[in-house]
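Tertiary structure, described
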Amino acid sequence: MNKSVDAGNITRVDLWIAGRRQRATATRSGDVTNPATGAVIRKVPFCNAADVDAAVKAAASALPGWRDSPPLRRARVMQKFLQLLQANQKELARLVSEEHGKTLPDALGSVQRGIEVVEFACGVPHLLKGEHSENVGTGVDCHTVRQPVGVCAGITPFNFPVMVPLWMFPVAIACGNTFVLKPSEKVPSASMRMAELFKEAGLPDGVLNVVHGDKETVDAILGHPGVNAVSFVGSTPIARYIYETCAKNAKRVQALGGAKNHAVVLPDADLEFTADALTGAAYGSAGERCMAISAVVAVGAAADPLVSLLKKKAEAIMVGPGDKEGVEMGPLVTRQHRDKVAGYVDQGVKEGAKLVVDGRGLKVPGHENGYFLGTTLFDNVTPEMKIYQDEIFGPVLVVLRAQTLEDAIALVNRNPYANGTAIFTESGGAARRFENEIQVGMVGVNVPIPVPVAFYSFGGWKSSLFGDLHVHGMEGVKFYTRTKAITTRWPHQDTPAPGLNMPTLG
Ligand code: NAD
């Protein structure tokens, strides 16, 4: 699918600008690896300011035609795109698994969640409707319209190569904007394929463009005067940087950051069910999900039986290459990231946490160069430890102990991250209190990963999101549109023209 071929048979990923593949002018590039084997499978260009400028110019020149085309016509292109995504879901999942490492069934599920945003975007014309009030003054009417923001950009992380871009560009484009996407340089290929499919669906050239790269590329986007709005998803330090830079450059911005998601388990919870749910939420996708449960707060008598169930289930997980039948957990995304996560396990031991399951020694036969790390479980972790404070983003679950629900809620609320959280209990009263008092953007009750469906909006609080609006759902539509309020008076009616004073009567 990446058609350009370099010497050495390593394909070089192209850019997608003005409806066709183009070579970057940039000379810098990076390696895309298959995390299960450690092999370099593609080269990805790190775009410079000239490459970004070409993409923004293509988006700007496509804007008037796309903005002025009827929303229903735009929605019909979206419907065709939806069909093509469904028909190519397996191919997209294979690309995700190949470059990210997650298992094929998990990749397929993540593509499905992205497709659901496109289903939502097909109905966007309904959400573009404004308000109308007759006679706000005598003979005067007022109405509002939602107009597109202009050229929007999306900068996305490595862990959901299809889903996170689909949180952004379908909603932006359905609202009449044009778009420049900069996917993670670790997983660039799925975005290219989606751009091709969108063109096949009838999207006019230039409405969606794809550039690749690292900080240089991102800075060229943030500094480009032709970009009106930026959506970002990634780690907290970069999210903060994006937010501050966009604010300085007077661009609309939403910047979603990292996470440390807690599950609070009360003694009355069904512990077998809870341990199954937590095992999937902690180790699925090797813990590389922004909604992964990475900290369990076991309350009172729940702790001992829960830890022994978690140990048994963590040890039973089959780890291996993501495309092998029966494998439940794949490798981490890069060698550097694997080593960083393993370093946290060393650190946890030094800090005095109890290492219940140690994934450091894991070997996957035939995949000795893959970036594997086994499931790891710590007990007796305290809030002072780095393994609790930092987002590890790997298959490492830490268990803290609390005496009461009140203590557990206070612990979760003291954490600077606030993406997702869950409570496990049979008590409606306890769940309701948790739901009400917890300072986190997305909450599950006996649901470990409470990702809102596409027609709700996704987003955390505090250091997990900088900005005002969440992604997709109605908040996505609000982000990608500006409201205009129009007040109308028609002459030749029985009302006098306004004088010099502000009117006091309606
Ligand atoms: P990252 O912050 O390293 O990279 C995200 C994007 O920013 C990439 O496109 C990357 O090229 C770019 N980037 C990296 N360094 C940059 C710099 N110095 N200046 C400008 N741009 C830069 O994140 P990642 O490692 O790709 O993804 C994992 C992180 O994303 C985790 O922290 C995870 O929690 C978070 N995440 C959050 C959500 C959410 O919805 N809140 C969803 C998915 C992932």
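Treat the numbers as computed from the prediction; the structure is a model and nothing was measured. (Residues numbered from 1 in each chain as written. Predicted model: local features only at pLDDT ≥ 70, side-chain atom pairs only at ≥ 80, totals over all residues. Heavy atoms only, no water.)

1. Considerations on the sheet that holds strand S1 (residues 11-12)
With mixed pairing, the three strands of this open sheet are ordered in space as S1-S5-S4. Both edges of this open sheet fall to S1 and strand S4 (29-34), since each of them pairs with a single strand only. Judged from the six bridges that link them, S4 and strand S5 (residues 39-45) form a sheet pairing that is antiparallel. Counted as the bridge partner of aspartate 31 is lysine 43 from S5. (Pairing = 2+ DSSP bridges. Helix = DSSP H or I, 4+ residues; strand = E, 2+ residues; numbered from the N terminus.)

2. Examining unusual backbone geometry
Even without a glycine there, the phi angle at alanine 18 is positive, about 55°. Relative to the elements of secondary structure, alanine 18 occurs in the loop between strand S2 (15-17) and strand S3 (20-22). With a phi close to 60°, asparagine 135 is a non-glycine residue in the positive phi region. In this fold, asparagine 135 is placed in strand S6 (residues 132-137).

3. What about the sheet that holds strand S23 (residues 481-489)?
Taken in spatial order, the three strands line up as S6-S7-S23 in an open sheet, and their pairing is antiparallel. The open sheet has two free edges, formed respectively by S6 and S23, since each of these has just one partner strand. Across the sheet, the axes of successive neighbouring strands diverge by a mean angle of 30°, strand direction being ignored. As defined by bridge partners, strand S7 (residues 140-148) adjoins S23 across nine bridges and the pair is classed as antiparallel. Paired with valine 140 across the bridge in S23 is arginine 489. (Axes fitted to C-alpha atoms, helices over the stretch in contact; angles between N-to-C directions.)

4. Let's talk about the packing of helix H3 (residues 89-100) against helix H4 (residues 104-122)
Axis separation between H3 and H4 bottoms out at 8 Å; the angle between their running directions is 120°. With respect to their mutual orientation, H3 and H4 come out oblique. In the packing of H3 onto H4, the handedness of the crossing is right-handed. In this structure, H3 uses Gln89, Lys90, Leu92, Ala93, Arg94, Val96 and Ser97 to contact H4, whose residues at the interface are Leu104, Ala107, Leu108, Val111, Gln112 and Ile115. (Parallel < 35°, antiparallel > 145°, perpendicular 65-115°, else oblique. Left-handed = near helix turned anticlockwise from the far one by under 90°. Contact = heavy atoms within 4.5 Å.)

5. Focus on the site of the ligand
Of all residues adjacent to the ligand, which total 26 residues, the nearest are Thr156, Glu185, Ser235, Gly257 and Glu391. The side chain of serine 235 places a nitrogen or oxygen atom 2.6 Å from an oxygen atom of the ligand. For the ligand, the accessible surface in isolation is 840 Å², of which the surrounding protein chains cover 89%. Of all the secondary-structure elements, those providing two or more residues to the shell around the ligand are helix H8 (215-222) and strand S11 (229-233). Residue composition of the shell around the ligand, grouped by class: 13 nonpolar, nine polar and four charged. Split by domain, the shell around the ligand shows at least three residues from each of two domains, domain 1 (7-257 + 464-485) and domain 2 (261-445). (Near = heavy atom within 4 Å. Polar contact = N/O pair within 3.5 Å; in protein donor to acceptor, adjacent residues only side chain to side chain. Areas by Shrake-Rupley, 256 points an atom, 1.4 Å probe, with all protein chains shown as cover. Nonpolar A, V, L, I, M, F, W, Y, C, P; charged D, E, K, R; others polar. Domains from an automatic or database assignment.)

6. Points about the pattern of salt bridges
When charged atoms on two side chains of opposite charge get close, those side chains can pair. Enumeration over the complete set of coordinates arrives at 27 salt bridges. A salt bridge links glutamate 99 to arginine 42; the shortest N-O distance between them is 2.5 Å. On the criterion of sequence distance, the pair formed by glutamate 99 in helix H3 and arginine 42 in strand S5 is long-range, its members being 57 residues apart. A salt bridge links lysine 215 to aspartate 219, with the nearest nitrogen and oxygen atoms 3.0 Å apart. Here aspartate 219 and lysine 215 lie together in helix H8, a separation of four residues that amounts to about one turn. Three or more residues joined by partner-sharing salt bridges are found here, namely Asp14, Arg21, Arg23, Glu91, Arg193 and Glu196. (Salt bridge = Lys/Arg side-chain N within 4 Å of Asp/Glu carboxyl O.)

7. Some details on the packing of H8 against helix H9 (residues 236-248)
Between H8 and H9, the least distance of the axes is 10 Å, while the angle of their chain directions is 30°. Regarding the angle of H8 to H9, the classification is roughly parallel. Regarding H8 and H9, the two cross each other, and that crossing is right-handed. Only Tyr241, Ile242, Thr245 and Cys246 of H9 make contact with H8, whose side of the interface consists of Lys215, Val218, Asp219 and Leu222. Partitioned by chemical class, the residues of the contact of H8 with H9 number five nonpolar, one polar and two charged.

8. Quick look at the environment of glycine 137
Considering the arrangement of structural elements, one finds glycine 137 in strand S6. Judged by relative accessible area, glycine 137 falls into the buried class, the value being 14%. As for glycine 137 and tyrosine 417, which are separated by 280 residues in sequence, their C-alpha atoms are 48 Å apart. (Buried < 20%, exposed > 50% of the residue type's maximum accessible area, 1.4 Å probe, protein only.)

9. Structural notes on the environment of leucine 469
Structurally, leucine 469 is set in the loop between strand S22 (465-466) and helix H16 (473-479). The spatial distance from the C-alpha of leucine 469 to the C-alpha of glycine 65 is 27 Å, given a sequence separation of 404 residues. Leave out the neighbours within four places in its chain, and leucine 469 touches Gln254, Glu475, Lys478 and Phe479.

10. Description of the confidence of the model for the protein
Residues with a pLDDT of 70 or more make up 97% of the protein, whose mean pLDDT is 96. With pLDDT under 50 throughout, residues 1-7 is counted as low confidence; its partners more than four residues away or in other chains account for 22 contacts. (pLDDT = per-residue confidence, 0-100.)

11. Some words on a nonpolar patch on the surface
Taken together, the side chains of Val453, Phe455 and Tyr456 make up a nonpolar region of the molecular surface, amounting to roughly 340 Å² of accessible area. What makes tyrosine 456 exposed here is its relative accessible area of 53%. (Patch = residues over 30% accessible without salt bridge, like charges linked within 9 Å, V, L, I, M, F, W, Y side chains within 5 Å.)

12. A word on helix H14 (residues 405-414)
For H14, the set of buried residues is Leu405, Ala408, Ile409, Leu411 and Val412. The buried side chains of H14 occupy one side of the element, clustering within an arc of 160° when seen end-on. Of the residues in H14, the exposed ones pointing more than 90 degrees away from the buried face are Glu406 and Arg414. Along its buried surface, H14 packs onto strand S13 (261-265), strand S14 (293-299), helix H13 (386-389), strand S17 (396-402), strand S19 (420-424) and helix H15 (428-437). (Arc of directions from axis to C-beta.)

13. A word on helix H12 (residues 335-351)
Spanning 17 residues, H12 covers 24 Å between terminal C-alpha atoms, matching the ideal 24 Å at 1.5 Å per step. Of all the positions in H12, only His337, Arg338, Val341, Ala342, Tyr344, Val345 and Gly348 are classed as buried. In an axial view of H12, the angular spread of the buried residues amounts to 140°, which keeps them on one side of the axis. Away from its buried face by more than 90 degrees, H12 exposes Gln336 and Lys350. (Expected span 1.5 Å × (residues − 1).)

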